[in-house]
Amino acid sequence: MTSPGAELPGPISPPPRLLMGPGPITVDPRVLHAMSAQLVGQYDPFMTATMNEVMALYRGVFRTENEQTLLVDGTSRAGIEAALVSLLEPGDRVLVPVFGRFGHLLVEIAERCGAAVHTIEAEWGTVFTAEQIDEAMAQTRPKVLAVVQGDTSTTMCQPLADLGEIAHRHGALLYCDATASLGGNPFETDAWGLDVVTAGLQKCLGGPSGSAPITLSPAAVDVINARKHVEAGIATDSDRPRGARIASNYFDLAMVMDYWGPRRLNHHTEATSMLYAARECARLLLVEGIDDAVARHRLHGEAMLAGVRGLGLEVFGDTAHKMTNVVAVHIPDGIDGEAARTAMLEEFGIEIGTSFGPLAGRVWRIGTMGYNARHDAVLTTLAALEQVLRAGGAGVTAGGGVGAAREVYEEARA
């Protein structure tokens with residue numbers, strides 16, 4: 001008979017890692033500290049006040065006046081699913097411009113909602129013009145235009161500034177997945193006419209995966225509340241069912257808005273530690289200043305871009321539309337891509353990413369985002385990558401990566 005406690009694992013002790021892939025990233029220590037704070041009850045005055053603080057902070061992050069700006073408990077995909085399942089009824093038309101893996105994800109989720117999904121596709125490594133999207137809108141007349149801003153599978157950043165006007169002119173709502181871009185690339189919810197935006201903490205916001213900030217315009221709120229059904233057992237006589245019930249209980253934004261709103265109508269138990277994390281991510285971003293954070297991501301992204309070129313690596317895609325916070329490079333001929341990634345991890349404790357679909361095994365993706373958008377992380381990664389490339393037999397210029405990156409930093413300081 002095994003004695004109590006025998007062969008049980010010890011306390012969790014992750015190895016030290018520098019996460020320089022496309023996300024998740026190394027969490028800011030200040031966010032980890034916030035997550036360690038003790039829990040309170042879900043209707044404790046401190047808890048509800050903190051929820052209100054989070055709503056206000058994320059209005060600043062999203063650059064919006066939207067009252068309904070809150071969190072969906074779950075990873076960034078939870079926010080995407082909540083948005084689409086709450087907006088879409090079976091048969092509704094949706095247009096998705098697909099330029100990478102995460103456009104395909106929007107298609108799949110919309111199809112699971114029963115929507116009639118229309119797509120246009122751009123070659124991976126490119127983005128769409130406003131004219132292409134306008135033409136597709138005229139042809140399909142959708143209820144929702146659903147776009148990704150930054151698709152880390154290709155590292156491309158879709159221009160959004162004209163899409164709100166286009167969507168509204170065609171009578172549609174504009175939804176954007178900004179998971180990989182928010183906080184590190186320019187983003188203007190109200191100025192660009194975005195109706196629904198979802199994000200995650202684990203990229204430029206410098207936090208862990210597990211909370212999905214979301215903001216909803218009044219027009220989007222009206223669409224969602226037209227399908228409002230309050231759960232039996234907590235509904236009052238005035239809570240009359242409206243429209244077709246949203247297909248998911250957990251992701252029912254009509255109920256989630258009541259949970260975050262003045263009614264505090266019970267929906268689920270808030271993920272308190274993630275609430276603390278999300279609050280600290282937003283607070284730190286606003287203390288730094290969003291424009292300064294975007295500039296920081298741009299600087300370190302440019303240094304990494306120069307550095308990989310200094311190593312003789314070929315950059316993938318249209319760099320004029322590259323995200324600030326991640327770069328993709330072609331794996332050199334003769335180099336085993338996975339073996340090189342393993343060597344980076346095992347020998348230097350640094351993680352870089354592979355890719356998906358048509359780019360699987362063809363490119364590495366290297367991130368400079370959130371807490372890791374900093375000078376030492378960039379130079380350390382480039383120095384380690386140089387050694388791994390040399391060990392694999394690639395001809396690289398000694399110090400070429402670090403030297404090129406340092407030139408970017410020196411020019412910025414000049």
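Q: Any chance you could explain the overall build of the protein here in plain terms?
A: Along its length, the protein carries 13 helices and 13 strands. Each of the 414 residues in the protein was classed as buried or not, and the buried ones make up 57%. Put simply, of all contacts in the protein between residues at least 6 apart along the chain, 71% involve residues at least 24 apart. Here the protein displays about 17400 Å² of accessible surface, and carbon together with sulfur accounts for 52% of that area.

Q: Would you mind showing me how to read empty space enclosed by the protein here?
A: A water-sized probe, rolled over the atoms, reveals where empty space remains. Under the definition given, this model contains 2 cavities of 30 Å³ or more. Considered as a void within the structure, the largest cavity measures approximately 40 Å³ in volume. In this structure, the largest cavity is lined by Leu71, Val72, Asp73, Tyr250, Val256 and His268. Among the elements that take part in the lining of the largest cavity, strand β2 (residues 68–73) stands out by supplying 3 residues, more than any other. For the lining of the largest cavity, the per-class residue count stands at 4 nonpolar, 1 polar and 1 charged. The space that makes up the second largest cavity amounts to roughly 30 Å³. Around the second largest cavity sit Val61, Arg63, Leu182, Gly183, Asn185, Phe187 and Ile290, which together line it. Tallied by class, the residues present in the lining of the second largest cavity amount to 4 nonpolar, 2 polar and 1 charged.

Q: Explanation requested: the side chain of Thr368 in the structure shown.
A: With respect to the element layout, Thr368 can be found in the loop between β13 (363–367) and α12 (375–391). Discounting chain neighbours no more than four positions away, the residues touching Thr368 are Met20, His297, His300, Gly301, Met304, Thr324, Asn325, Ala373 and Val378.

Q: Explain the sheet that holds β2 here, please?
A: Sheet strands line up and pair through hydrogen bonds in the backbone, either parallel or antiparallel. Strands sit in the order β2-β10-β9-β8-β5-β3-β4 across an open sheet of 7 strands; the sheet is mixed. Edge positions in the open sheet fall to β2 and β4 (116–121), since each of these has one partner strand only. With strand direction ignored, the average angle separating the axes of adjacent strands in the sheet is 20°. Taken together, the 3 bridges between strand β9 (residues 196–198) and strand β10 (residues 211–216) define a ladder with antiparallel strand orientation.

Q: In this structure, what is going on with unusual backbone geometry? I would like to understand it.
A: Only a minority of non-glycine residues have a phi that is not negative, and only a minority of peptide bonds are not trans. Residue Pro24 follows Gly23 across a cis peptide bond; omega there is 5°. The topology assignment puts Pro24 in the loop between β1 (18–19) and α1 (29–35). In this structure, Arg63 takes a positive phi of about 55° despite not being glycine. Mapped onto the elements of the fold, Arg63 is located in the loop between α2 (45–62) and β2. The class for Arg63 is partly exposed, based on a relative accessible area of 28%.

About the cut-offs
- Residues numbered from 1 in each chain as written.
- Predicted model: local features only at pLDDT ≥ 70, side-chain atom pairs only at ≥ 80, totals over all residues.
- Heavy atoms only, no water.
- Helix = DSSP H or I, 4+ residues; strand = E, 2+ residues; numbered from the N terminus.
- Buried < 20%, exposed > 50% of the residue type's maximum accessible area, 1.4 Å probe, protein only.
- Contact = heavy atoms within 4.5 Å.
- Areas by Shrake-Rupley, 256 points an atom, 1.4 Å probe, with all protein chains shown as cover.
- 1 Å grid on protein atoms, 1.4 Å probe; cavity = no way out; pocket = protein on both sides within 12 Å on 5 of 7 lines; lining within 4 Å.
- Points joined across faces, edges and corners; volume = space filled by probe spheres on them.
- Nonpolar A, V, L, I, M, F, W, Y, C, P; charged D, E, K, R; others polar.
- Pairing = 2+ DSSP bridges.
- Axes fitted to C-alpha atoms, helices over the stretch in contact; angles between N-to-C directions.

Fair warning: the whole summary comes from geometry, so function is off the table for now.
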